[in-house]
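Geometric and topological summary
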Amino acid sequence: MEPLRRRIRRWRNGLESEFTDPKTFFKKACSSVSKYTAICGWERFEANYTRLNVRFIFLMVDIFFYMVGLVKAYIYSHDTIYDLLQYNMKRFENPKKIPEIHTSLMKTASWCTISVKLIAPAYFTLAAFTVIFSVVISAFNRRFELPFGFFIPGVDRTKWVGYLLNLAFHTLQAFEAGAGLLATDLCFFNLMINAIGQLDVLIIGLKKLGEAVTSDEFAEAELLNDIIEKHVEHVKYLSAMESHMKAGYFINNVCLITELVTCLHVVLTNDEIWFTGISLAICYSFQLVIPCFMGTFLSSKNDELIREIYNIPWNELPIPAQHSLQLLLHAAQNPVTLSDGFAPIDLDSFLEIYKKIYSYLAMIQNIN
């Protein structure tokens, strides 16, 4: 420790010899601090500092963004997801070789594939656009611009080598975040499309039951028991999803609302057009609308299931079958709905969320 103390003492004496006025020395020290705090946008040592700057707002957004990433990573790497997937894999077996069920399973599998082909290019295009646009702006303005504004400490972004290193880091962040969000959204799509497919199979079974009642071609009791068993499995499937994802959805919605408000505020108050903020706002909006849209789609499919139960000629069923069908109707009228713990996840909730975003944004604008 003594050699270290002597070295520090010599270093301090050398610095002190450069300045005669302690105030000037202190200002120099503060400016050194400000160079590093400027990276994060909290150069509080500066007199004209305001939190309403792009770097600080982006930092807050970035923190929340990675909090969402942590939540999503936990949710979608949990064993529950694998268990749900394994149930879906078993569901794709059609031992009775019923053509309508085969068609329904093919439809479910095709939508799972289409969702990948539709969503993946959109995510990677948005990530690529964010990076490429900053390069174009740099060439047009003849000054180095980075996609997200922040830079690696100690790397001079005004030089070619420093700029390329920072740009590589930003590109990695953009595509890594895009790939992570894409993976979780595709996983959610897959699970929800299968939940809707489960209801499709139940509707097909109910139609078969109605035909069997009038034609006596099938054993109604066996068919009805199979329908009830499949509905119980469907309820168990959705209950597992809801209990596993509920807390995550709440954190996800809070973070995305905060991020959207901050991004839109910066876009509206910034003198220059912040295309990165616009891209982020589009991405966050998409993150909000995907589960809400799928929740509404699932609800409408459940309504179709209820209508199909009503369409069955109840009066031609034996009394035990009527009681079983009544229990099925009651369960279908009280479905398990995905929620964030306070409200169901559907398009009505999406509209309410955007009303809150508008209110918060207007409040911040009025305060400023």
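This part is about the overall build of the protein chain. Within the protein chain, the regular secondary structure consists of 10 helices and zero strands. In the protein chain, the succession of α and β elements from N to C terminus is α-α-α-α-α-α-α-α-α-α. For the protein chain, the share of sequence-separated contacts (at least 6 apart) that also reach a separation of at least 24 residues comes to 71%. For the protein chain, the exposed area adds up to about 21400 Å²; of that, 64% sits on carbon and sulfur atoms.

Counted by the stated rule, this structure contains 10 aromatic pairs. For the pair Phe-144 and Tyr-163, a centre-to-centre distance of 4.4 Å together with 20° between the ring planes defines the contact as stacked. Taken together, the residues Phe-144 in the loop between α5 (99–141) and α6 (160–215) and Tyr-163 in helix α6 connect sequence positions 19 residues apart. Here Tyr-163 falls in the buried class, since its relative accessible area comes to 3%. Among the aromatic residues, ring-to-ring pairing joins Phe-144, Trp-160 and Tyr-163 into one connected group.

Attention shifts here to the pattern of salt bridges. Tallied over the full model, the rule gives five salt bridges. When the shortest N-O distance is used, the salt bridge between Glu-100 and Lys-208 registers 3.3 Å. Of this pair, Glu-100 sits in helix α5 while Lys-208 is found in helix α6, placing the two residues 108 residues apart along the sequence. Glu-100 sits in the partly exposed class, given a relative accessible area of 36%. For Glu-304, the salt bridge goes to Lys-301, with nearest N and O atoms at 3.4 Å. Residue Glu-304 and its partner Lys-301 are located together in helix α8 (residues 275–311), separated by three residues, close to a single helical turn. What makes Glu-304 partly exposed here is its relative accessible area of 27%. Here the residues in one salt-bridge network are Asp-200, Lys-301 and Glu-304, joined through shared partners.

This next bit is on the environment of Glu-145. Within the secondary structure layout, Glu-145 lies in the loop between α5 and α6. Exposure remark for Glu-145: the relative accessible area of 22% places this residue in the partly exposed category. C-alpha of Glu-145 to C-alpha of Val-135: the two residues are 10 residues apart in sequence and 7.0 Å apart in space. Ignoring sequence-local partners within four residues, the contact set of Glu-145 consists of Ser-134, Ile-137, Ser-138 and Tyr-163.

What follows is about a nonpolar patch on the surface. Taken together, Phe-250, Ile-251, Val-254 and Phe-342 make up a surface patch of nonpolar side chains, about 390 Å² in accessible area. By the secondary structure assignment, Ile-251 is in helix α7 (residues 220–269). Ile-251 gets classed as partly exposed once you look at its relative accessible area, which sits at 32%.

Turning to the packing of α8 against helix α10 (residues 347–367), a few remarks are in order. At a minimum axis distance of 7 Å, the contact between α8 and α10 shows a crossing angle of 150°. Viewed along their axes, α8 and α10 adopt a mutual orientation that is roughly antiparallel. On α10, the residues that touch Ser-285, Leu-288, Val-289, Cys-292, Phe-293 and Thr-296 of α8 are Leu-347, Phe-350, Ile-353, Tyr-354 and Ile-357.

A few words on the environment of Glu-222. Looking at the element boundaries, Glu-222 is found in helix α7. Residue classification places Glu-222 among the exposed residues on the basis of a relative accessible area of 53%. Linking Glu-222 and Leu-209, residues 13 residues apart in sequence, is a C-alpha distance of 9.8 Å.

With that out of the way, let us pick up the confidence of the model for the protein chain. Detail in the predicted coordinates should be disregarded across regions flagged by low pLDDT. Here the protein chain shows a mean pLDDT of 79. Residues at 70 or above account for 81%. Within the protein chain, the element-level pLDDT minimum falls on helix α2 (residues 22–40), averaging 60, and the maximum on helix α9 (residues 319–333), averaging 89.

What counts, and where the lines are drawn
- Residues numbered from 1 in each chain as written.
- Predicted model: local features only at pLDDT ≥ 70, side-chain atom pairs only at ≥ 80, totals over all residues.
- Heavy atoms only, no water.
- Helix = DSSP H or I, 4+ residues; strand = E, 2+ residues; numbered from the N terminus.
- Contact = heavy atoms within 4.5 Å.
- Areas by Shrake-Rupley, 256 points an atom, 1.4 Å probe, with all protein chains shown as cover.
- Phe/Tyr/Trp six-rings, centres within 6.5 Å; stacked < 30°, edge-to-face > 60°.
- Buried < 20%, exposed > 50% of the residue type's maximum accessible area, 1.4 Å probe, protein only.
- Salt bridge = Lys/Arg side-chain N within 4 Å of Asp/Glu carboxyl O.
- Patch = residues over 30% accessible without salt bridge, like charges linked within 9 Å, V, L, I, M, F, W, Y side chains within 5 Å.
- Axes fitted to C-alpha atoms, helices over the stretch in contact; angles between N-to-C directions.
- Parallel < 35°, antiparallel > 145°, perpendicular 65-115°, else oblique.
- pLDDT = per-residue confidence, 0-100.

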